[in-house]
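Structural overview for review
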Number of protein chains: 2
Amino acid sequence: MRLANSVAPGKTVLKDAFWTPYQKLVTEVVLPYQEKILNDEIPNAEKSHALANFRIAAGAEDGAFYGMVFQDSDVAKWLEAASYSLTVHPDPQLEQRVDEVIALVAKAQQPDGYLDTYFTIKEPEHRWMDLLEGHELYCMGHMMEAAAAHYEATGKETLLDVARRMADHIQSVFGPDRRYGIPGHEEVEIGLMRLYQATGEKKYLEMASYFIDARGTRPEFFADERKNRDFEVFGMDPENLDYNQSFAPVREQKSARGHAVRAVYLYRAMAEVAAADGDESLYRACRTLWRDIVDRKMYVTGAIGACGELESFSVDYDLPPDRAYAETCAQVGLVFWARAMLNIEAKGEYADVMELCLYNSTISGMQMDGRHFFYVNPLEVNPGLSGEVFGMRHVLPERPGWYACACCPPNLARMILSLGQSCWSENADTVYSHLMIGQEADLALAKIRVESGYPWDGAVTYTVSPKEKKEFCFAVHIPGYVAPGELTVKCNGAALPVQIAQKASGVSADRADAAAVLCDGYLYLNRSWKDGDTVSLEFPLQVRRLYGTVRVRDTAGQTALMRGPVVYCFEGADNGPYLQALRLPRGAAVTEQRETDGVLSGCVSLRMNGLREADSASLYSAEPPACEETELKAIPYYLWGNRGRNQMRVWIRE
Amino acid sequence: MRLANSVAPGKTVLKDAFWTPYQKLVTEVVLPYQEKILNDEIPNAEKSHALANFRIAAGAEDGAFYGMVFQDSDVAKWLEAASYSLTVHPDPQLEQRVDEVIALVAKAQQPDGYLDTYFTIKEPEHRWMDLLEGHELYCMGHMMEAAAAHYEATGKETLLDVARRMADHIQSVFGPDRRYGIPGHEEVEIGLMRLYQATGEKKYLEMASYFIDARGTRPEFFADERKNRDFEVFGMDPENLDYNQSFAPVREQKSARGHAVRAVYLYRAMAEVAAADGDESLYRACRTLWRDIVDRKMYVTGAIGACGELESFSVDYDLPPDRAYAETCAQVGLVFWARAMLNIEAKGEYADVMELCLYNSTISGMQMDGRHFFYVNPLEVNPGLSGEVFGMRHVLPERPGWYACACCPPNLARMILSLGQSCWSENADTVYSHLMIGQEADLALAKIRVESGYPWDGAVTYTVSPKEKKEFCFAVHIPGYVAPGELTVKCNGAALPVQIAQKASGVSADRADAAAVLCDGYLYLNRSWKDGDTVSLEFPLQVRRLYGTVRVRDTAGQTALMRGPVVYCFEGADNGPYLQALRLPRGAAVTEQRETDGVLSGCVSLRMNGLREADSASLYSAEPPACEETELKAIPYYLWGNRGRNQMRVWIRE
């Protein structure tokens, strides 16, 4: 295992035409709006009461608990995203408000370290009696993530101390020598690993490791828990072991099952524990689950969790575009899991999937106004059916405003604000660049400036300023769709030949400077870097057609368009009614256009000659529908639904 | 309105290579099996208890009610089908057992005429307090249908008297001058009309008319009923007015909505009342609803009720093949409705739809062993998904055995055994033949022998023996797919020219003998018929391709094959895995083969050269799948699922 670490918050400053506006949108619109929601300051929005719950639990206010059993996590997610925000856009007033919320959280913590306002206010006698759906470990896990983020971003330890006490309390309850327990919704494992990463304290790693390896070893646990309880709880079926990935010990699991968000949160934690422990068998389990998803359960947009029931993975190759669940949070979780996998092994497939999710199925969850969000990211939407008929009711044709169960908006916020951390891994002798995002990065081995036209242009320049005179390896992810022959690599303006190696082990720091070695999706450059050395990459971004395996019933005979990492879609706004009547002949030429107006501004849209089959009001005819030529227009998938309610589809008939 | 009547049971004896075996299967297998079920004599079958309920209600046995609230209707449906069976296949022992059941039913009837064992045994104080879901009127309606059938089949009046007392009781409770009430599940309207047809008593027509016109006039009725009740009932939402077609007065309804079986039962009753009353406005309402279904809500197999939730119609053009509900009973109801419409107006579209349902989406509900049945008749089945994943759980890949809510098997039984009645309408001067089914029919104007090779050959001969020397019109339905130029008509062996008329009003009994006039799907022949006059029809049965309007998303770019009235499908058994990988080029020649073995024996199957796209285990590729030529085989849709669990689809990519 080649181990590396992500970079800490604040070590990267994005300067990217694509992503910087997203960070601005999140800091200026999404987070302030969420803050108001948490404070119940938005008229006509569904009441949150999340901060009020903390005030009540802290004894600072009278009242009753209100909200979901996991309402606390909204505060934790906001704290985490706000902490990242402080590194992206320092704001003393925000920092002060964050400190105030943290002080409140600390006051709500119980003397023994327990922190969950639902149980503290409402059912103190039922602590730790409903691990299946009580979400205590889930909420505390999110608070640990927030604590690590806040500490890394600000150096302050108030929340970190809260999290330590919380984790210590959990350790006093659960563990190999104490009570058996696993959370119904994985997250505490991630929180504990973040706490471990922030503090270096092994006990948190051990606790995460415990929860991971305990899972699936006592299949009767949740059912027993329910039997032993004398009070009613939320009615999730305790026998549904797939739902929360407890159907087998995690190292024996061969297929991704159940709730997709829960699953990828678990897999991320598994990867982080595997990296921390150098645990090959746990990494192998991660690999198996990764390939299961990527080979059989992932939409062309990188979206996962196809099933509209219980937000779950469906069976292999069941990927209906029009009934997708594809929760924004699941794709965010997949990005974080990919990041964790990249810290174990620099494989192009991890970075490719991360990139696919980033440019498509995560940000599709947010309207360009930052005020409307999708849970569900379908690949086809049909107003009149989507959101209305049986089996499609979860698929909304337009993004609604902030909702009561607001998991996706803050998840997007933290993904976007922590994006710099997803760009790099580093260890003592190698810097890995996973994403071609414009930025200035302050890494252990070097400062690196990235100038990037990505994703619209295949042109990126890295300017390296080593911290000390030392030979090290600079490894850059080359997207899987780039043919090696089409890649031009220049070092300080001089073309560098690209050699192809089959095994990463063939790449080492003692390779000659003269060549770049492409191996498993990464381009390795070893040299004694001098201040101001540049590495430039150029590759053509041609529009390409994707075809699904015939095993996927719904996309047979259809094609999807991609350009670089960007998936395209067809909307009614550009292409008129009945998108299913459109056909794109196999050889049709595609022209690209840089859009300059409105929400599409800046993106590359595609135009091509296609065919339109004639509409008919009567159901059946013995004559095939007449065809006429028509100009088709495709826009980036992530931008769909920004021009009003209309039909949309990614897959178009060939 | 041109009014005619159906013929009574016993007036036709089918002698048809296609249908006689079905009648034999029903009389020899289905009905005896159902009788055993009703008597709880089948080990391992779900308990019925239906006859025990009657014994308990009659005071002949102690015990508790068991079963659905509408369990009584199982007995009624069996009585109706068994009565028809006695006309198809006289059986003194069966007749005696029927009489015994009828005697039991009569004993269970309450002194005031009320008859419903659920309420009599279990909740006598709650009579008529849950019209939404109590199913009292539904059960009694079925008993009235049984009574009319038994009387028509045997001349016996025991059950008819029960039904009269029942109807009189209903009339004492509900009506314009008494309580307002409409049934949550339409059926009593049909029962009352059957009673009217059997007895000629106008009060039953008036009562049917009352229930029809009362519907939709008090939208708050079911909600009020629930509010006024102090006991719990089955939880159907009383505000869902679409579900039971009470969203508007029936004459104002423009679209078919809600539970499909309820809907077509209502529409049939509307048509029968319209015919009996000569009520043009009610018939216009029927026409509007008919066209709504046929133009926007009917599968190519004639199936209706696309939505898997609440067994209901979906929105216009939402006809997913793989998620169809398409309940057998809905298509049976559509056959009966079409029959009623044909008694008002001889329009080819009514007979075409009736034929489409008969040869496809009704009998697809029954395994060729007569022991396994589908509720749901999908146009595409995918083992591993169908019956298993969200949105498709109702779509079973194999017919299960007899089930507790056994509405479809007896509905099929009565449709098949009363098929002779669907073949003809007659009035004083015209005999209409709606279906080309081999038989001997004893009609008012003539005895007619039909020799038919249909549906496999387009060759039918009618031999007419008039009852008296009189000029009358013989009108024969010509299927809509037959091009007039391809129809050969011979009278006594001599070719008769076919004239085409635009309006049925242009056809009258004084037209010259020399020509046959084709108008709106019927061929009219006027003459003084002599004993033994023959009319022969010949038309080619070519395989034709059907195309759905592009408004139906799911079938765009695909085609369905028909030959005559028979829809074809592709099964995995003949075509290997991944039927979605198959393509049928537009011009591909089709060869026909008369099958001689196994369950396919006797049918015409189709073979054609097609293409198969190569399978790939990985999800996405930038290369289109390779294609190879392959021979495809299609079999009649109604025979699908008789050769084990496998994939099936009607629509194939072109």
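On a predicted model such as this, the values are computed, not experimentally measured, just so you know. (Residues numbered from 1 in each chain as written. Chains lettered and ligands numbered in written order. Predicted model: local features only at pLDDT ≥ 70, side-chain atom pairs only at ≥ 80, totals over all residues. Heavy atoms only, no water.)

**A short note on the overall build of chain A**
Scanning chain A from terminus to terminus reveals 17 helices and 25 strands. Relative to a compact globule of 654 residues, whose C-alpha radius of gyration would be 26 Å, chain A shows 25 Å and is just as compact. Taking the principal axes of the C-alpha coordinates as reference, chain A spans close to 75 × 70 × 50 Å. Across the 654 residues of chain A, 63% fall into the buried class. The contacts in chain A between residues at least 6 apart in sequence include a share of 69% that link residues at least 24 apart. Total accessible area on chain A is roughly 21,700 Å²; 48% of this is exposed by carbon and sulfur atoms. Averaging the locations of the 67 positively and 91 negatively charged side chains of chain A gives two centres separated by 3 Å. (Helix = DSSP H or I, 4+ residues; strand = E, 2+ residues; numbered from the N terminus. Rg over C-alpha atoms; globule rule 2.2 N^0.38 Å. Buried < 20%, exposed > 50% of the residue type's maximum accessible area, 1.4 Å probe, protein only. Contact = heavy atoms within 4.5 Å. Areas by Shrake-Rupley, 256 points an atom, 1.4 Å probe, with all protein chains shown as cover. Lys, Arg positive; Asp, Glu negative; His and termini not counted. Charge placed at Lys NZ, Arg CZ, Asp CG, Glu CD.)

**Focus on the relation of the copies chain B and chain A**
Rotating chain B by 180° about the axis while translating it 0.0 Å along that axis superimposes it on chain A, leaving an RMSD of 0.0 Å. Taken together, the rotation angle and the small translation identify this as a two-fold axis. Distance from the rotation axis, computed per C-alpha, reaches its smallest value in chain B at Gly-391 of chain B: 2.4 Å. Here 100% of the contact residues of chain B are again contact residues in chain A; the copies associate through an equivalent surface. (Least-squares fit on C-alpha atoms with pLDDT ≥ 70 in both.)

**Description of the packing of helix H4 (residues 92-108) of chain B against helix H7 (residues 158-173) of chain B**
Residue and element names in this part refer to chain B. At a minimum axis distance of 9 Å, the contact between H4 and H7 shows a crossing angle of 25°. One finds that H4 runs roughly parallel with respect to H7. For the pair H4 and H7, the sense of crossing is left-handed. Here Ile-102, Val-105 and Ala-106 of H4 lie close against H7, whose contacting residues are Thr-158, Leu-159 and Val-162. Residues that form the contact of H4 with H7 fall into these classes: five nonpolar, one polar and no charged. (Axes fitted to C-alpha atoms, helices over the stretch in contact; angles between N-to-C directions. Parallel < 35°, antiparallel > 145°, perpendicular 65-115°, else oblique. Left-handed = near helix turned anticlockwise from the far one by under 90°. Nonpolar A, V, L, I, M, F, W, Y, C, P; charged D, E, K, R; others polar.)

**Observations concerning the packing of aromatic side chains**
Residue and element names in this part refer to chain A. Evaluation of the coordinates by the stated rule reveals 57 aromatic pairs over all chains. Judged by centre distance (5.0 Å) and plane angle (15°), the rings of Phe-374 and Trp-640 are stacked. In this pair, Phe-374 sits in the loop between helix H14 (348-362) and strand S3 (380-381) while Trp-640 sits in the loop between strand S23 (627-636) and strand S24 (648-649), placing the two residues 266 residues apart along the sequence. Note on accessibility: Phe-374 and Trp-640 belong to one class, buried. Within the aromatic cluster, the residues linked to one another by ring pairs are Phe-18, Trp-19, Tyr-22, Tyr-359, Tyr-454, Trp-456, Phe-539 and Tyr-638. Above the face of the Tyr-114 ring, Arg-127 is positioned so that its terminal group lies 3.8 Å from the ring centre. (Phe/Tyr/Trp six-rings, centres within 6.5 Å; stacked < 30°, edge-to-face > 60°. Lys NZ or Arg CZ within 6 Å of the ring centre and 35° of its normal.)

**Description of the sheet that holds strand S15 (residues 533-538) of chain B**
All names here are of chain B. Spatially, seven strands are ordered S2-S6-S7-S8-S15-S10-S11 in an open sheet, and the strand pairing comes out antiparallel. In the strand order of this sheet, the two ends are held by strand S2 (12-14) and strand S11 (494-496), each with one partner. Within the sheet, the average angular offset between the axes of one strand and its neighbour, ignoring direction, is 20°. Where S2 meets strand S6 (residues 439-442), three bridges bridge the pair, whose relative direction is antiparallel. Opposite Val-13, over in S6, you have Glu-440 as the bridge partner. (Pairing = 2+ DSSP bridges.)

**Here's the deal with the confidence of the model for chain A**
Reading predicted coordinates in detail is not appropriate for stretches of low pLDDT. For chain A, mean pLDDT is 95; residues scoring 70 or higher make up 98% of the total. Here the predicted complex carries an ipTM of 0.93, next to a pTM of 0.95. (pLDDT = per-residue confidence, 0-100.)

**Side note on helix H14 (residues 348-362) of chain B**
All names here are of chain B. Between the first and last C-alpha of H14 there are 20 Å, a value that for 15 residues agrees with the 21 Å anticipated at 1.5 Å per step. If you look at H14, its biggest bend is around 25°, right at Leu-356. Most of H14 sits inside the fold, with 14 of its 15 residues counted as buried. (Expected span 1.5 Å × (residues − 1). Bend = angle between axes of the 7 residues up to and from the residue.)

**Details of the interface of chain B and chain A**
Counting residues at the interface gives 58 residues for chain B and 58 residues for chain A. When the two sides are added together, the surface that chain B and chain A hide from each other amounts to roughly 4,600 Å², 59% of it contributed by carbon and sulfur. Among the residues chain B hides against chain A, the three largest losses belong to Arg-553, Leu-619 and Tyr-620 of chain B. Together they make up 18% of the total. Here chain B is connected to chain A by eight salt bridges. A salt bridge links Asp-322 of chain A to Arg-553 of chain B, with the nearest nitrogen and oxygen atoms 3.1 Å apart. Seen at the junction of chain B and chain A, the total is 24 residue pairs in polar contact (both at pLDDT 80 or more). (Buried area = accessible area lost by both parts, 1.4 Å probe. Salt bridge = Lys/Arg side-chain N within 4 Å of Asp/Glu carboxyl O. Polar contact = N/O pair within 3.5 Å; in protein donor to acceptor, adjacent residues only side chain to side chain.)

**Here we look at unusual backbone geometry**
All names here are of chain A. In this model, Tyr-454 is joined to Pro-455 through a cis peptide bond whose omega is 0°. Inspection of the secondary structure assignment puts Pro-455 in the loop between strand S7 (446-452) and strand S8 (459-466). One non-glycine residue, Tyr-317, adopts positive backbone phi at about 65°. Inspection of the secondary structure assignment puts Tyr-317 in the loop between helix H12 (280-296) and helix H13 (328-342).

**Let's talk about the environment of Ile-304 of chain B**
Residue and element names in this part refer to chain B. With respect to the helices and strands, the residue Ile-304 is situated in the loop between helix H12 (280-296) and helix H13 (328-342). By relative accessible area, Ile-304 is classed as buried at 0%. A sequence separation of 324 residues divides Ile-304 from Glu-628, and the C-alpha atoms of the two residues are 36 Å apart. Ile-304 has contacts with Val-264, Ile-293, Lys-297, Met-298, Phe-313, Ala-326, Glu-327, Ala-330, Gln-331 and Leu-334, leaving out every residue within four places of it along the chain.

**Things to note about the domain arrangement of chain A**
Residue and element names in this part refer to chain A. Taken domain by domain, chain A comprises domain 1 (5-423), domain 2 (427-538) and domain 3 (543-653). Centre-to-centre separation of domain 1 and domain 3, based on C-alpha positions: 34 Å. On the domain 3 side, the residues contacting the 32 residues of domain 1 number 27 residues. Taking both partners together, domain 1 and domain 3 bury about 2,500 Å²; carbon and sulfur atoms supply 58% of that area. Contact with domain 3 buries area across many residues of domain 1, yet Val-300, Tyr-317 and Met-368 alone supply 22% of it, more than any other trio. With a shortest N-O distance of 3.1 Å, Asp-554 and Arg-323 are connected by a salt bridge. (Domains from an automatic or database assignment.)

**Some words on the pattern of salt bridges**
A complete count under the given rule lists 114 salt bridges over all chains for this structure. Residues Arg-323 of chain A and Asp-322 of chain A are paired through a salt bridge, measuring 3.2 Å at the closest nitrogen-oxygen approach. Where Lys-156 of chain B meets Asp-99 of chain B, a salt bridge forms, and the shortest distance between an N and an O atom there is 2.5 Å. Taken together, the residues span a long stretch of sequence, with Lys-156 of chain B in the loop between helix H6 (136-154) and H7 and Asp-99 of chain B in helix H4 at a distance of 57 residues. In the salt-bridge network here, residues are joined through shared partners; they are Asp-322, Arg-323, Glu-380, Arg-553, Asp-554 and Arg-649 of chain A together with Asp-322, Arg-323, Glu-380, Arg-553, Asp-554 and Arg-649 of chain B.

**Looking at the pairing of S15 of chain B**
Residues and elements named next belong to chain B. By the criterion of burial, S15 is predominantly enclosed, with five of the six residues buried. Sheet topology places strand S8 (residues 459-466) next to S15; six bridges connect them, and they run antiparallel. Bridge assignment links Thr-461 to a residue of S15, and that residue is Ser-536. Pairing between strand S10 (residues 488-491) and S15: four bridges, direction antiparallel. From the neighbouring strand, Val-489 faces S15, where its bridge partner is Leu-537.

**Focus: the sheet that holds strand S14 (residues 522-528) of chain B**
Residues and elements named next belong to chain B. The strand order across the open sheet built from seven strands is S1-S4-S5-S9-S14-S13-S12, with neighbouring strands paired in mixed fashion. On the outer flanks of this sheet lie strand S1 (5-6) and strand S12 (498-501), each paired with one strand and no other. As defined by bridge partners, S1 adjoins strand S4 (residues 424-426) across two bridges and the pair is classed as antiparallel. Following the sheet pairing, Asn-5 is matched in S4 by Glu-426.

**Remarks on the packing of helix H11 (residues 260-277) of chain B against H13 of chain B**
Residue and element names in this part refer to chain B. Two elements in contact, H11 and H13, have axes whose closest approach is 8 Å; the angle formed by their N-to-C orientations is 10°. Taken together, the axes of H11 and H13 are roughly parallel relative to one another. Crossing angle aside, the handedness with which H11 passes H13 is left-handed. Note on element contacts: H13 touches H11 through Cys-329, Ala-330, Gly-333, Leu-334, Phe-336, Trp-337, Ala-340 and Met-341, opposite Ala-260, Val-261, Val-264, Tyr-265, Tyr-267, Arg-268, Ala-271 and Glu-272. Considering only residue class, the contact of H11 with H13 consists of 13 nonpolar, one polar and two charged.

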